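# Remarks on the overall topology
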Amino acid sequence: MQKKWWHGKVAYQVYPKSFLDTTGNGIGDLRGIISKLDYLKELGVDIIWLSPCYQSPLADQGYDISDYYQIDPRFGTMNDMDELIAQARKRNLSILMDLVVNHCSDEHEWFQKALQDPYGPYSKYFYFEKGINGQPPNNWRSYFGGSVWEPVSGTDLYYLHLFHKKQPDLNWENSSLREEIYKMMRWWMDKGLAGFRIDAIINIKKALPFSDYSYPPDRDDGLASIDNMLRDAVGVGEFLGEMRDKVFQKYDAFTVGEVFNAKEEELPDFIGDNGYFSTMFDFRAAVWGGSEKGWYASRHITPEIYKSCCFLSQKQMENVGYLSNIIENHDEPRGVSRYIPAEDLCETSKKLLAAVSFMLRGLPWIYQGQEIGMENLSFISIDEFDDVSTLDEYRVAKNHGFNDADALRAVAFYSRDNARTPFQWDDSPNAGFTTGTPWLRVNPNYTEINVKAQQNDKTSLFSFYKELITLRKNPDYAETILYGRLEPFMEKEENLMAFYRYGQNQTLLVLANFQKAPRTLTLPKAYKSVLLNNYKHVTIDSDACVTLDYYQVVILELA
Ligand code: TEU
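A brief look at the structure comes next. Just so it is clear, the structure is predicted and the values come from calculations on it, not from any experiment.

## As for the pairing of strand β15 (residues 496-502)
- Most of β15 sits inside the fold, with six of its seven residues counted as buried.
- Both strand β14 (residues 485-488) and β15 contribute to a ladder of four bridges, which runs antiparallel. Bridge assignment links Glu487 to a residue of β15, and that residue is Tyr500.
- Across seven bridges, β15 lies against strand β16 (residues 507-513) in antiparallel orientation.

In structure tokens form, the structure reads like this:
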């Protein structure tokens, strides 16, 4: 594997709407991000991915773009964006924009023109298809519920939307569309971006012609999951290879793909040397927990499952490329709420999760608030949710027979809004996020969980993340942490997540006691030093017997 500048870095996702509001409109903005660049620098991050802040009706929080060349006024101006890039560069921080090109907004000029002339050139930027006997062209279910087809009024045509009906899919088979996208990408790269995070990208290739999936319908609505289509679609690589050659290569861009449902044999094409992308996120644990039936049928992820998912991904990618490791993002519940049993959730267990995730081979990512241990919100009513996906999943649970309270409970845990609650800066009203009314309720635990409380506390989670980052960048260990082979240690031992990282002349051992009960185990050989510990002490006796306390994690250098 070729070594790249970004391998040794640490990446951070900012969700602008919930980061910091400087205008009092209850929505975070670019000036808020600019004002916190020093904070991110202090934490030790190098690469910042901004979730979308382009002009958008915000039907799906900006993942529905109505103008790729404008900043939405709620987030600021293009001048603010230019300043953000410049200020970031001054601090040696790289900025990634979110590239959302499977679809745009129905309010985008292209789509408006297509509606005006449903057989004209712009209709070919989308999928406009004739219905069959007054019914949609096929039986695919949108990710956000209901048919993927929406009637084009005044015609017998329907347009395709794999996500919300306000997110019409762009037709990647059309080379004019592709050239427009590449032009836009170059325009952004010329502004000085380091690259892009690439949204929902596997979906750009459709299985054509559009036909029904007649498998037993997977839900009561009689529709068929998009997963069928993704399994059958062949040739996404042609588009992605073109994108790489026409844009990424010229700029040596850093790119991270949001890739679900990739075919295993194609992974080297995705992130191998000269792959379509630099890296891609590992979603294995989250995917394991999902269910075709809906969120209400999701499976709980125990520490054992979490461990096996991480190890499996590590094995799979070992000789393929460099993964991006996350515990959460803006589409997931908070990682600490999901992967740590509720009754064990505390600063110590949060540190354990941080350490095991950071010590995997790959690029570590922090989603905003993860560094202070932000948790899921206890939602009290369905009216509190803004997320389209949550509202749909609530309907799904109710259709399945859940009563209101059970349906609420079922979706609340998985809601994407858990990760989208305002960032908790301090213990002042609204957690210091806004002086106005926040667009989403602030988690009431902000009085305890906030940056101000942790920043100067050497024992805080925030400080622990700083230590992890410092360790990753320590020249004495970086080579091993970045590239060393990962091998599980005592893999069968329940609730122990332990692994070696083998460097050229060095072996590190991560030992994480993923449970309340202390445990004692014998080290495979003597140790040289303790590199990191979420406790003040660790007991290792002369026979190399180590006792790990409640959720204790230690990183040892072996002799
Ligand atoms: O997410 C894609 C997405 O919704 C996946 O989780 C999808 O369910 C997966 O492909 C199924 O296998 C991205 C964004 O991160 C999200 O916020 C947007 O809502 C979505 O795309 C649409 O742009």
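## Some words on unusual backbone geometry
- That bond from Leu208 to Pro209 is cis: its omega, -5 degrees, falls within 30 degrees of zero.
- By the element assignment, Pro209 lies in the loop between β9 (195-198) and α6 (226-232).
- For Asn261, which is not a glycine, the phi torsion comes out positive at approximately 60 degrees.
- The exposure class of Asn261 is partly exposed, given its relative accessible area of 36%.
- Located in the positive-phi region is Asn430, a residue other than glycine, with phi close to 55 degrees.

## Regarding the side chain of Asn445
- Within the secondary structure, Asn445 is located in the loop between α14 (404-414) and α15 (451-455).
- Other than its neighbours up to four places away in sequence, Asn445 contacts Glu375 and Gln424.

## A short note on the packing of aromatic side chains
- Enumeration over the complete set of coordinates arrives at 47 aromatic pairs.
- For the pair Tyr39 and Trp425, a centre-to-centre distance of 5.1 Å together with 75 degrees between the ring planes defines the contact as edge-to-face. Of this pair, Tyr39 sits in helix α2 (residues 37-43) while Trp425 sits in the loop between α14 and α15, and the two are 386 residues apart along the sequence.
- Given the relative accessible area of 5%, Tyr39 is considered buried.
- Seen in terms of ring centroids, Tyr127 and Phe210 are 5.5 Å apart; in terms of plane orientation they differ by 90 degrees. Their pairing is edge-to-face. Of this pair, Tyr127 sits in the loop between α4 (109-116) and β6 (128-130) while Phe210 sits in the loop between β9 and α6; the two residues are 83 residues apart in sequence, bridging distant segments of the chain. Like Tyr127, the residue Phe210 is buried in the burial classification.
- Taken together, Tyr54, Tyr68, Tyr69, Trp110, Tyr122, Tyr125, Trp187 and Trp188 form an aromatic cluster joined through their ring pairs.
- For the cation-ring pair, Lys17 lies above Trp439, with the distance from its terminal atom to the ring centre recorded as 3.8 Å.

## A look at the pattern of salt bridges
- This structure, assessed with the given rule, holds 41 salt bridges.
- Put simply, Arg409 and Asp406 hold a salt bridge, and the shortest N to O gap is 3.0 Å. Separated by three residues within a single helix, Arg409 and Asp406 lie in helix α14, roughly one turn from each other.
- One salt-bridge network, in which partners are shared between bridges, spans Asp60, Asp331, Asp387, Arg416 and Arg420.

About the criteria used
- Residues numbered from 1 in each chain as written.
- Predicted model: local features only at pLDDT ≥ 70, side-chain atom pairs only at ≥ 80, totals over all residues.
- Heavy atoms only, no water.
- Buried < 20%, exposed > 50% of the residue type's maximum accessible area, 1.4 Å probe, protein only.
- Helix = DSSP H or I, 4+ residues; strand = E, 2+ residues; numbered from the N terminus.
- Pairing = 2+ DSSP bridges.
- Contact = heavy atoms within 4.5 Å.
- Phe/Tyr/Trp six-rings, centres within 6.5 Å; stacked < 30°, edge-to-face > 60°.
- Lys NZ or Arg CZ within 6 Å of the ring centre and 35° of its normal.
- Salt bridge = Lys/Arg side-chain N within 4 Å of Asp/Glu carboxyl O.

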